[in-house]
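Survey of secondary and tertiary structure
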Amino acid sequence: MKNHKIIVANWKMNPSIFQGIELLKSINQSINEMKVSSKIVICPPSLIIRDALIIFSNSIVSIGSQDCHHAEIGPYTGDLSYKMFEDIGCEYAIIGHSERRANHFEDNKLIFEKLNSINRSKIIPILCVGESFVERKSGLASEAVIRQIDESGINKLEFDQKIIAYEPIWAIGSGKIPTRDEIMSIHSKIREKLDTEGNNKDIKVLYGGSVNTENVSDIFSINGVDGALVGGASLKKADFIKIIESAEI
Ligand code: PGA
């Protein structure tokens with residue numbers, strides 16, 4: 001049986017509002033003309049999530065947020081709650097992206113709070129984990145990743161569906177990716193960890209970090225890789241469509 005992939009687009013703070021809306025429309029048109037068996041999730045900037053939900057209202061594409069606050073409502077200037085994203089129609093939320101960890105000082109304790117809140121909603125979490133370059137060079141990559149999984153509690157929280165994205169920090173936006181063996185080894189350690197705890201049979205584990213049209217087929221062919229979290233390449237319509245096509249082969 002074909003192993004359907006999950007392809008998640010993380011647009012970050014890109015592109016401009018108007019270009020973003022045009023890009024959403026153009027991706028929608030292309031996907032409507034294709035036969036797609038993968039799950040496609042687009043996580044645009046929050047300000048165009050509503051546009052995205054309208055544009056993709058008759059589509060197989062789901063919309064997600066790039067983060068969320070763990071409180072339902074409250075005095076948190078500038079934040080948006082998991083409940084707001086759920087109410088507006090988001091089905092997924094990226095949690096613990098390394099850019100949030102670095103730029104907003106998010107630690108595993110806070111990430112646990114976020115996952116715990118999302119657990120009270122219908123949102124499916126996409127937890128990002130990954131080692132730094134120093135951890136990779138010191139042979140501590142898998143320890144770092146397993147610690148993030150453990151401390152965030154994703155392994156123990158009961159969700160109907162949950163997703164982990166293995167994203168080495170040094171691979172994000174750098175054009176560098178780990179070798180096949182390195183990706184396979186981390187994915188199998190994640191799977192080993194999940195298999196020994198909780199109800200994690202259906203959890204999906206994606207790879208993220210410099211996924212592009214050149215390397216995606218190879219990445220998808222690695223044992224244990226259930227899909228991809230795509231940043232830069234998801235902002236170029238032709239590239240994103242090619243990545244979706246690669247999962248169909
Ligand atoms: P990238 O970003 O594909 O541009 O490396 C991936 C991510 O940060 O999720």
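The preceding data block contains the structure.
Everything in this summary refers to the structure shown in the same document. (Residues numbered from 1 in each chain as written. Predicted model: local features only at pLDDT ≥ 70, side-chain atom pairs only at ≥ 80, totals over all residues. Heavy atoms only, no water.)

1. Side note on the pairing of strand β1 (residues 6–10)
Condition: Only protein chains enter the area calculation, which uses a 1.4 Å probe; residues under 20% of their type maximum are buried, those over 50% are exposed, and those in between are partly exposed. By the criteria applied, helices consist of DSSP H or I runs no shorter than four residues and strands consist of E runs no shorter than two, each listed in order from the N terminus. A pair of strands counts as paired when DSSP detects no fewer than two bridges linking them. Clockwise travel from the first strand over the helix to the second, with the strands pointing away from the viewer, marks a crossover as right-handed.
Burial of β1 is extensive: 5 of the 5 residues sit out of reach of the surface. Note: β1 against strand β2 (residues 39–43), 5 bridges, orientation parallel. Across the sheet, residue Ile-7 finds its bridge partner in β2, namely Ile-40. Handedness of the crossover joining β1 and β2 through helix α1 (residues 17–32): right-handed. Sheet analysis places β1 next to strand β8 (residues 227–230), joined by 4 bridges and oriented parallel.

2. Some points on unusual backbone geometry
Asn-14 connects to Pro-15 through a cis peptide bond whose omega is -20°. Relative to the elements of secondary structure, Pro-15 occurs in the loop between β1 and α1. Unlike most non-glycine residues, Lys-12 shows phi in positive territory, near 55°. Taking the relative accessible area as the measure of exposure, Lys-12 reaches 23% and is therefore partly exposed. Backbone geometry at Ser-210 places phi at a positive 60°, although glycine is not the residue there. Along the chain, Ser-210 turns up in the loop between β7 (204–208) and α9 (216–220).

3. Regarding the pattern of salt bridges
To keep things clear, this is the line we draw: Think of a salt bridge as a Lys or Arg side-chain nitrogen and an Asp or Glu carboxyl oxygen that are within 4 Å of each other.
A full pass over the atoms with the stated rule returns 18 salt bridges. Where Glu-182 meets Arg-136, a salt bridge forms, and the shortest distance between an N and an O atom there is 3.9 Å. Placement of the pair is Glu-182 in helix α8 (residues 180–196) and Arg-136 in helix α6 (residues 133–137), with a sequence separation of 46 residues. Residue classification places Glu-182 among the partly exposed positions, given a relative accessible area of 27%. For Asp-239, the salt bridge identified is with Lys-236, shortest N-O distance 4.0 Å. Here the residues in one salt-bridge network are Asp-67, Arg-100, Glu-106 and Lys-114, joined through shared partners.

4. Topic: the sheet that holds β2
Selection criterion: To obtain each axis, a line is fitted to C-alpha atoms, and for helices this fit is confined to the stretch in contact; angles are then taken between N-to-C directions over 0 to 180 degrees. Note on contacts: a residue pair qualifies if any of its non-hydrogen atoms lie within 4.5 Å across the two residues.
An order of β1-β2-β3-β4-β5-β6-β7-β8 is seen for the 8 strands of this closed barrel, with the pairing classed as parallel. Direction aside, neighbouring strands of the sheet carry axes that sit 25° apart on average. Contacting β4 (92–95) and β5 (124–129), helix α5 (residues 108–118) runs over the sheet at an angle of about 170° to β4. Here α8 sits on the sheet in contact with β6 (163–166) and β7, set at roughly 155° to β7.

5. Structural notes on the environment of Asn-10
Note on placement: Asn-10 falls in strand β1. Given a relative accessible area of 5%, Asn-10 falls into the buried group. Between the C-alpha atom of Asn-10 and that of Arg-101, which follows or precedes it by 91 residues, the distance is 16 Å. The residues contacting Asn-10, other than those within four sequence positions of it, are Cys-43, Gln-66, Ile-94, His-97, Leu-229, Val-230, Gly-231 and Ser-234.

6. Let's talk about the nonpolar core
Selection rule: Buried Ala, Val, Leu, Ile, Met, Phe, Trp, Tyr and Cys residues that are joined via side-chain atoms within 4.5 Å together make up what is termed a nonpolar core.
Core analysis: the largest hydrophobic core is formed by 62 residues, its most contacted members being Ile-7, Ile-42, Ile-63, Ile-164 and Ile-190. At 5 residues, the largest contribution of residues to this core is made by α1.

7. Examining α5
Along α5, the residues that are buried comprise Asn-108, Ile-111, Lys-114, Leu-115, Ser-117 and Ile-118. Each element contacted by the buried residues of α5 is listed here: α3 (82–88), β4, α4 (98–103), β5 and α7 (141–152).

8. Concerning the site of the ligand
As a reminder of what qualifies: It suffices for a single heavy atom of a residue to lie within 4 Å of a molecule or strand for the residue to be listed as near it. Polar contact criterion, stated in full: a pair of N or O atoms within 3.5 Å, where within protein one must be able to donate a hydrogen and the other to accept it, and residues adjacent in sequence count only if both atoms are side-chain atoms. Surface accessibility in these figures is a Shrake-Rupley result with a 1.4 Å probe; residues are shielded only by whichever protein chains are displayed. Here the nonpolar group is Ala, Val, Leu, Ile, Met, Phe, Trp, Tyr, Cys and Pro; Asp, Glu, Lys and Arg are the charged ones; every other residue, Gly included, is treated as polar.
With respect to spatial proximity, 13 residues lie near the ligand, and among them Lys-12, His-97, Glu-167, Gly-173 and Ser-210 are the closest. At 2.7 Å, a side-chain N or O of Lys-12 approaches an oxygen atom of the ligand. If the ligand stood free it would expose 280 Å²; the protein chains cover 94% of that surface. Looking at the shell around the ligand, its residues break down into 4 nonpolar, 7 polar and 2 charged.

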